Amino acid sequence: SQQGEEDPQALSIQEGENATMNCSYKTSINNLQWYRQNSGRGLVHLILIRSNEREKHSGRLRVTLDTSKKSSSLLITASRAADTASYFCATDQLGETSGSRLTFGEGTQLTVNP
Amino acid sequence: GAGVSQTPSNKVTEKGKYVELRCDPISGHTALYWYRQSLGQGPEFLIYFQGTGAADDSGLPNDRFFAVRPEGSVSTLKIQRTERGDSAVYLCASSYVGQWGEAFFGQGTRLTVV
């Protein structure tokens, strides 16, 4: 079963606009990661935020984490057509050993129109 | 190699047949993971290896599924008596042991059972 849920399921925006995707999860976590997937194949790691962090930046990406609400958001600023992809959040469960399973949400399909 | 390699990239097989899917992880990564992804869904955990041993195989759906990693590097996912419901993209990932960090994914094997 999936740990998390992404919201929205699909998002369509114009190039240059910002895109915000949300993720909720059910159990306490060690960290939360965001991945990107093109055309249903390999996933690419974007950013990791630890449970004791609240916000993290990487280039045009900004991730927030609210452990009290068990939720995270991914903001992509100044979007480009090349950002079109599916975006997934993934968590590893608090208490599990280092490097153990990641549990993925169902993803947000982002379309950036030129 | 530079990344995680999965072969074949596509596999079509008849219902009831046996298939093997191969994963070559990044050199030096002792943790290896198998995931399964159905269309429109997030990746679903199958099994996780630390070295040669399966540290967590709780995601394998039934006893038709089996995975090995005899020398702690290459892994093979084996599916017996395939069913149409096994059709999915099978993803492999590897990571460093003991690091709360990213998993590196291969491009996946798209399995179609007809």
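See above for the structure.
Residues numbered from 1 in each chain as written. Chains lettered and ligands numbered in written order. Predicted model: local features only at pLDDT ≥ 70, side-chain atom pairs only at ≥ 80, totals over all residues. Heavy atoms only, no water.

A.B. asks: Account for unusual backbone geometry, naming residues and giving values.
C.D. replies: The omega angle of the peptide bond from Asp7(A) to Pro8(A) is 0 degrees, so this bond is cis rather than trans. In this fold, Pro8(A) is placed in the loop between strand E1 (5-7) and strand E2 (10-14). Of note, the bond from Thr7(B) into Pro8(B) is cis; its omega dihedral lies within 30 degrees of zero at -10 degrees. Tracing the backbone through its elements, the reader meets Pro8(B) in the loop between strand E1 (5-7) and strand E2 (10-13). Look at Lys70(A): it is not a glycine, yet its phi comes out positive at around 50 degrees. (Helix = DSSP H or I, 4+ residues; strand = E, 2+ residues; numbered from the N terminus.)

A.B. asks: Any chance you could break down the state of the cysteines for me, citing the residues and the numbers?
C.D. replies: Going through the model one piece at a time under the given rule, you end up with 2 disulfides over all chains. Put simply, Cys23(A) and Cys89(A) are joined by a disulfide, and their sulfur atoms are 1.9 Å apart. Taking the sign of the S-S torsion, 65 degrees for the link of Cys23(A) and Cys89(A), the bridge is right-handed. In this pair, Cys23(A) is assigned in strand E3 (residues 19-24) and Cys89(A) in strand E9 (residues 85-93), connecting sequence segments 66 residues apart. Since its relative accessible area comes to 2%, Cys23(A) is described here as buried. Put simply, Cys23(B) and Cys92(B) are joined by a disulfide, and their sulfur atoms are 1.9 Å apart. (Disulfide = S-S within 2.5 Å. Buried < 20%, exposed > 50% of the residue type's maximum accessible area, 1.4 Å probe, protein only.)

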